[in-house]
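Tertiary structure, described
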Amino acid sequence: MEIDGRDFLNTPPVKTVRFGGSVAETLAKHKQGDSGDYELLKHQLADPDIKDAQIINWLQEFRACVTQLTKDHEQLIYTVLRLPWVGRSPAVVEEYMAFLSNLVSAQTVFLCACLKMVVSHFTPKRVTICEGGVDISDSDDEDENLPRNFDQCHQALQLIARYVPSTSHFLMPVLKENFPFIQKSSRTLECYVHNLLRVTVYIPSIRRDVLEVIVGKMLKLDVGASRSDIEEAEENAVPNQRAQEQAEEGLFDMDEDMSTDHPCRTAEMAHPVAERLDSLMVVLLAYVKDVSHVNGSLHVERTKELYRDLLSVFDKLILPTHASCHVQYSLFYLCSFRLALAEAFLDHLWKTLQNPSQPAVLRQAAAGYLGSFLARAKFIPVPTVRACLDLLLSWIHRYIDSQDSSGRQACCDISLHGPFYTACQAVFYTLIFRHRAMLEGNMKKGLEYLQSLNLERVVMCQLNPLKVCLPSVTSMFAAITRKYQVVFCYTIIERNNRHMLPVVRSSAGGDCVTTNTNPLDSFFPFDPYLLKRSGQLIEPLYQVWEELADTELLPTKTSQQGSREDEDDFLYGNTPKTEGIVGMTPSSYDSNLRSPSSVGSPPAAFQRQF
């Protein structure tokens, strides 16, 4: 049989051919119990080779009877939502958005399904790649249409939010649920995080929640790639990279300066987890800058709002996380935009440290952040450093007063006096890094200020902080204070070295253990930044360690019981490994709530306002 000169039986049907009745007729038949055309409709909608004209035709009919598309037609709606509209012709995209707006307006029961559909396009389409002889499903990194596709998704989401004011309430669970596994490629994670942050631009009410989700995922990556693992991977990658470069030089006679591939190759992290984290940090730091600036100038109100959101996430997620190396630099970077931000952050850390109602583990973490921030942030001027030292030393001296007046013999008990010891270490660490700046210009006034801090009393008190602080910090602090004759620490250090630290019981249970290397489980959160691409933004703001060249600064041989290795670790910004160290958990410090650390609160740290 021939139709229009064509063999109907032996020629495949043209894709524009459509079977069954209209959508309205099909729904009416289905309601009466005749589901033949209904199933045929779903089958045709699921055709992977469906044409633009067919999609437009179907969508127009669905819009005409949208009020009939109740929850009874759930599977049919899900099929329509799976139509490949993203990246299609403008006519298809326009018609599909019109359908979405009609659907969520008339049938809010399908709001979540529509949101899931849009969010599912926040990552590149999935393709199968071969890795180690195994097929792995991941994203297509080479799709040049991604920016346009993402634009269309955000247009659809804004349209939905316009028609359904409660969209933000239902959107957050969808965004959390669809977050890719952290083992996915850098590109997949990067696209999703970028799109999540982009949503906060037109739905600002969910920004804090979005930042919380993103930072939570990034912290898992950060903790999963330790500082030592990243450094080891980079060291091992250097010989391989050199060999590759030599091989390329043998194959191609090319001037190295003319090669555009070279910088890109060296910018990649050798550690795969660090590489993913670096990609996300680039996105997050770019977002921080874009939100805070308008036409290249800092927008004060927008910056303040972002600071509050990031600070809330910091308190909830970053501060309680031990040994994160990079995520906290998002706040470091934001604070560099304006001195008032840095001072507000320092004031917040200070209030956390001296607040007896806070868990001791958080107070100790706050002290670590306080000292590390003062030491490493180039943008913090000397007057601000002095203001913080005044607050810290005032609190430390009052703490010592409370111990002396109690009539009890004070003992070196970390579980009872943890916040005190971390506050002392923060002071020592800050002075190690900032003493040069404090003495520049007017040496006499600088020395008078250091002497006014009465560090000798702190060092010689019965609580004996030099016995608990990190040996490398103690050693360098002793060398500096000896040079300027502020306090002489070596007699106490030598006496401490002749005695073992007290035995404490691990919070995890088991036998007692002796702490000897890092009893405070010291953590300097702003140790050197290791990620390459995002690190380009941090480097100009960062105070690197400048080795002390003066020979008289080096401790005597008898004072170096802590070994040269610890000193090297300090110089390179590392913390010695904590073998046999008691972990810091809130339960370990319950007794601290009964400590006398709640003696009077000092006045507010700073009066500067935004």
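Computed from a prediction, not measured in an experiment: that's the story for all the values here.

1. Side note on the overall build of the protein chain
From N to C terminus, the protein chain includes 25 helices and eight strands. The buried share of the protein chain, reckoned over its 610 residues, is 49%. Long-range contacts, defined here as pairs at least 24 residues apart, represent 78% of the contacts in the protein chain between residues at least 6 apart. Accessible area for the protein chain stands at about 29300 Å²; split by element, carbon and sulfur atoms hold 51% of it.

2. So, the confidence of the model for the protein chain
Parts of the prediction with low pLDDT should not have their coordinates interpreted in detail. Across the protein chain, the average pLDDT comes to 81, with 75% of residues at or above 70. Taken together, the stretch residues 1-17 has pLDDT below 50 and engages in 13 contacts with residues farther than four places along the chain or on a different chain. Under a pLDDT of 50 for its full length, residues 554-610 has, in the predicted model, 138 contacts with residues more than four places off or in other chains.

3. Overview of the packing of aromatic side chains
Taken as a whole and judged by the stated rule, the model has 28 aromatic pairs. Judged by centre distance (5.3 Å) and plane angle (70°), the ring pair of Phe332 and Phe379 falls under edge-to-face. Of this pair, Phe332 sits in helix α15 (residues 329-335) while Phe379 sits in the loop between α17 (360-376) and α18 (382-405), and the two are 47 residues apart along the sequence. Each member of the pair, Phe332 as well as Phe379, is classed as buried. Aromatic ring contacts, followed pair by pair, group Phe314, Tyr329, Phe332, Phe345, Tyr369, Phe373, Phe379, Phe523, Phe526, Tyr529 and Tyr542 into a single cluster. A cation over an aromatic ring shows up here: Arg386 above the ring of Tyr449, its NZ or CZ 4.6 Å from the ring centre.

4. Examining empty space enclosed by the protein
Going through the model one piece at a time under the given rule, you end up with four cavities of 30 Å³ or more. In this structure, the largest cavity spans a volume of roughly 70 Å³. Around the largest cavity sit Leu431, Ile432, His435, Leu450, Leu455, Phe477, Ile480, Thr481, Tyr484 and Val486, which together line it. Mapped onto the lining of the largest cavity, the elements with two or more residues apiece are α19 (414-439) and α22 (471-483).

5. Things to note about the pattern of salt bridges
Considering all chains together, one arrives at 17 salt bridges under this definition. The closest approach of N and O atoms between Asp37 and Lys29, which form a salt bridge, is 3.0 Å. Each of Arg207, Arg208 and Asp309 takes part in a single network of salt bridges with overlapping partners.

6. Examining helix α2 (residues 36-45)
The complete set of buried residues in α2 reads Asp37, Tyr38, Leu41, Lys42, Gln44 and Leu45. Considered in projection along α2, the buried side chains sweep an arc of 165° and stay on one side of the axis. Elements in contact with the buried residues of α2: α1 (23-31), α3 (52-64) and α4 (74-81).

7. A few points about unusual backbone geometry
For Asn295, which is not glycine, the phi torsion reads 55° and is therefore positive. Relative to the assigned elements, Asn295 resides in the loop between β5 (293-294) and β6 (297-298). Backbone geometry places Asn464, a non-glycine residue, at a positive phi of 55°. Following the sequence through the fold, Asn464 ends up in the loop between α21 (455-460) and α22.

8. Some words on the environment of Leu319
Secondary-structure assignment places Leu319 in the loop between α14 (300-318) and α15. Residues Leu319 and Gly368 lie 49 residues apart in sequence; the distance between their C-alpha atoms is 9.8 Å. Apart from residues lying up to four places away in sequence, Leu319 is in contact with Phe314, Thr352, Leu362, Ala365, Ala366 and Tyr369.

9. Focus on the packing of helix α16 (residues 339-353) against α17
Two elements in contact, α16 and α17, have axes whose closest approach is 8 Å; the angle formed by their N-to-C orientations is 150°. With respect to α17, the axis of α16 lies roughly antiparallel. As for the relative orientation of α16 and α17, their crossing is left-handed in sense. Contact residues: Ala342, Phe345, Leu346, Leu349, Thr352 and Leu353 in α16; Leu362, Arg363, Ala366, Ala367, Tyr369, Leu370, Phe373 and Leu374 in α17. Class assignment of the residues belonging to the contact of α16 with α17 gives a composition of twelve nonpolar, one polar and one charged.

10. Things to note about the environment of Ala225
With respect to the element layout, Ala225 can be found in the loop between α10 (207-224) and α11 (227-251). Residue classification places Ala225 among the buried residues on the basis of a relative accessible area of 1%. Linking Ala225 and Val273, residues 48 residues apart in sequence, is a C-alpha distance of 6.1 Å. Leave out the neighbours within four places in its chain, and Ala225 touches Ile230, His271, Val273 and Ala274.

11. Quick word on the packing of α3 against helix α5 (residues 90-106)
The contact between α3 and α5 brings their axes to 9 Å, and the two run at 20°. It follows that α3 is roughly parallel to α5 by the angle criterion. Like other packed secondary-structure pairs, α3 and α5 cross with a definite hand, here left-handed. Only Ala91, Val92, Glu95, Tyr96, Ala98, Phe99 and Asn102 of α5 make contact with α3, whose side of the interface consists of Asp52, Ile55, Ile56, Leu59, Gln60, Phe62 and Arg63. Residues belonging to the contact of α3 with α5 are distributed by class as follows: nine nonpolar, two polar and three charged.

Criteria and cut-off values
Throughout this document, residue positions are counted from 1 along each chain, in the order its sequence is written. Local features are withheld for residues below a pLDDT of 70 in this predicted model, meaning they are given only at 70 or higher, and side-chain atom pairs are given and counted only at 80 or more; totals for whole chains, interfaces and linings count all residues. The basis for every side-chain value is the complete set of non-hydrogen atoms in the structure, without hydrogens or water. Numbered from the N terminus, helices here are DSSP runs of H or I no shorter than four residues, and strands are runs of E no shorter than two. Buried residues are those whose accessible area, probed at 1.4 Å on protein chains only, stays under 20% of the maximum for their type, while exposed residues exceed 50% and partly exposed ones sit between those limits. Note on definitions: a residue-residue contact is assigned when non-hydrogen atoms from the two residues lie within 4.5 Å. Using the Shrake-Rupley algorithm and a 1.4 Å probe, accessible areas are obtained, with residue cover drawn only from the displayed protein chains. As a per-residue quantity, pLDDT reports the predictor's confidence and falls between 0 and 100. Each pair of aromatic rings taken from Phe, Tyr and Trp, with Trp reduced to its six-membered ring, is defined by centres within 6.5 Å and is described as stacked if the planes are under 30 degrees apart, edge-to-face if over 60, and tilted in the remaining cases. Consider the ring centre and the ring normal. A charge sits over the ring if Lys NZ or Arg CZ is within 6 Å of that centre and within 35 degrees of that normal. Any residue with an atom within 4 Å of a point lines the site, the site being either a cavity, points on a 1 Å grid over the protein atoms alone where a 1.4 Å probe fits but cannot get out, or a pocket, an open set with protein on both sides within 12 Å along at least 5 of 7 lines. Grid points are joined across faces, edges and corners, and a volume is the space filled by probe spheres set on the points. Salt bridge, as used here: a side-chain nitrogen of Lys or Arg that lies within 4 Å of a carboxyl oxygen of Asp or Glu. Working note: the arc is built from the helix axis to C-beta atom directions. Orientation is described by lines fitted to C-alpha atoms, with helices fitted over the stretch in contact, and by angles between N-to-C directions that extend from 0 to 180 degrees. For classification, angles of less than 35 degrees are called roughly parallel, those exceeding 145 degrees roughly antiparallel, those between 65 and 115 degrees roughly perpendicular, and all remaining angles oblique. For any pair of crossing helices, the crossing counts as left-handed if the nearer helix is rotated counterclockwise from the farther one by less than a right angle, and right-handed if it is rotated clockwise. When residues are sorted by character, Ala, Val, Leu, Ile, Met, Phe, Trp, Tyr, Cys and Pro go into the nonpolar class, Asp, Glu, Lys and Arg into the charged class, and all the rest, Gly among them, into the polar class.

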